[in-house]
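Letter by letter, the chains look like this.
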Amino acid sequence: MSLRSLRALCLTSFFIADVRDGLGPFLGIFLTERHWTPDDIGLLMTAGGLAGLLATLPAGFITDTTKNKRSVLALLCLLITLSTLLLWFSQQSGVVAVSQIVTGICAAFVGPLITGITLGLTGQSGFSTQMGKNEAFNHAGNFLTALIAGGIAWYWGIGGIFLLMTCTTLLTLCSLLAIRNKDIDNDAARGLNTSEHQPVPGFAVLKKNRALFVTGLTLLLFHLANAALLPMLSMRVAAAPASVNPGVFAAATVIISQAVMIPVAIWVSRRIDRYGYWRFIMLALLIMPVRAALAASTDAPFMMIPVQILDGLAAGILGVVVPSFIVVLLRGSGHVNAGQSVVMLMQGVGASMSPALTGTIAGHYSFATAFSVLSAIALVAVLLWWRFAQRSWQTDSSPNGA
């Protein structure tokens, strides 16, 4: 494997962290300051998420078939940035909807493409370790850009976030160019041995793996509970007559969680073989109901510190374990990235429904009620994993007590 390309991949993971999700948690603040209501914001976020869902499965299949993953990823980064910049010039419903739809579709490709490039550079033997590095650099990128974004929001307002995103997009493109396309083994990138040259199989190969769909359904419930929590925390502060700057608050929520994710991602990547995938995923699932319950317990701004520490623990674990687990489940199938997209699709269903559900409950009742509902949904995910996962692993081969 090429050390230069692996280093460039780490840098790509670092800079793309600020590009992939557009304005991210700052979108709710940006629109709230322009007199949008929580339920309208939640519905538009959901529209973007649903559009992304339509692209999720094609994203995996395209990643399995394309010979130039770098160029596809570069084009997507440009489209995300341009569509986000539209919001600065207009906040009309149609413009915001188009921006979120384009961002959602493009973001659906980023995960499979990064996974495919990583697997193509390292092969299966080095994948988990490199994914741990990718995640650590990605979280470090989120940490640094959130820190900068907080300063920008404090001195110049939310508008300065658009300039920051433009700069990180340019740096992402430079990092992608440093990855040599010839170093990416396109057979290894879809889960085949380098000596094999097989056509990409049909979708039916994925239907045979029950554990893949158990994992996806569990993560659907997890993200239904998780996706809206951070933006709703920021919106609660933005809507309240408090002295806390909402832009700084949003930046702080990201900084705290990303600072936790960095060491967690590295630690987990080195211990997957010892503890197994099943245990790590269960640990991450158990964190979510506690996190949502804490958010519901009080609206004090400083409560977001333990809430976001828990977010960092769960996301740091899942970001490494889930892609590595899918690679193990689908090795030799020729459809590793399509399998990643199946799970991402199910995650996306939950994530896209989360803002509308949470925003509607918060709009009609209260933020505390909405967070309590999220905690209950997270508990259902824990029970599903506990009840059905072990039975699935008995029929689907996977190592290390996965």
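It should be noted that the structure appears before, not after, this text.
Residues numbered from 1 in each chain as written. Predicted model: local features only at pLDDT ≥ 70, side-chain atom pairs only at ≥ 80, totals over all residues. Heavy atoms only, no water.

Draft legend 1. Quick look at the packing of aromatic side chains. One pass over the full model with this rule turns up 7 aromatic pairs. Plain terms: the ring middles of Trp267 and Phe280 are 6.0 Å apart, the flat faces sit at 85° to each other, and that makes the pair edge-to-face. Highlighted residues: Trp267 in helix α11 (residues 246-269) and Phe280 in helix α13 (residues 277-297), separated in sequence by 13 residues. A relative accessible area of 4% places Phe280 in the buried class. Where Tyr275 meets Phe280, the ring centres are 5.9 Å apart and the plane angle is 85°; that geometry is what we call edge-to-face. The structure contains a cluster of three or more aromatic residues connected by ring pairs, namely Trp267, Tyr275 and Phe280. (Phe/Tyr/Trp six-rings, centres within 6.5 Å; stacked < 30°, edge-to-face > 60°. Helix = DSSP H or I, 4+ residues; strand = E, 2+ residues; numbered from the N terminus. Buried < 20%, exposed > 50% of the residue type's maximum accessible area, 1.4 Å probe, protein only.)

Draft legend 2. How the structure looks around the side chain of Ser5. Here Ser5 shows up in helix α1 (residues 3-16). The exposure class assigned to Ser5 is buried, which follows from its relative accessible area of 0%. Residues in contact with Ser5, not counting those within four places in the same chain, are Leu121, Ala178, Ile179, Arg180 and Asp183. (Contact = heavy atoms within 4.5 Å.)

Draft legend 3. The pattern of salt bridges, seen in detail. Across all of its chains, the model carries 3 salt bridges by this definition. The residue Arg180 makes a salt bridge to Asp183 at a minimum N-O spacing of 3.0 Å. Residue classification places Arg180 among the partly exposed residues on the basis of a relative accessible area of 30%. Close ionic contact of Asp311 with Arg291 constitutes a salt bridge, the shortest N to O distance being 3.6 Å. (Salt bridge = Lys/Arg side-chain N within 4 Å of Asp/Glu carboxyl O.)

Draft legend 4. View of the nonpolar core. Membership of the largest hydrophobic core comes to 86 residues, with the highest contact counts inside it found for Leu23, Leu229, Val268, Val321 and Phe371. At 14 residues, helix α14 (residues 304-329) tops the list of elements feeding residues into this core. Among all residues touching Leu23, those that are not within four sequence positions of it are Phe30, Thr84, Leu87, Ile161 and Phe162. Grouped together as the second largest cluster of nonpolar side chains are 25 residues, Ala59, Ala74, Ile114 and Leu121 included. (Core = buried A, V, L, I, M, F, W, Y, C linked by side-chain atoms within 4.5 Å.)

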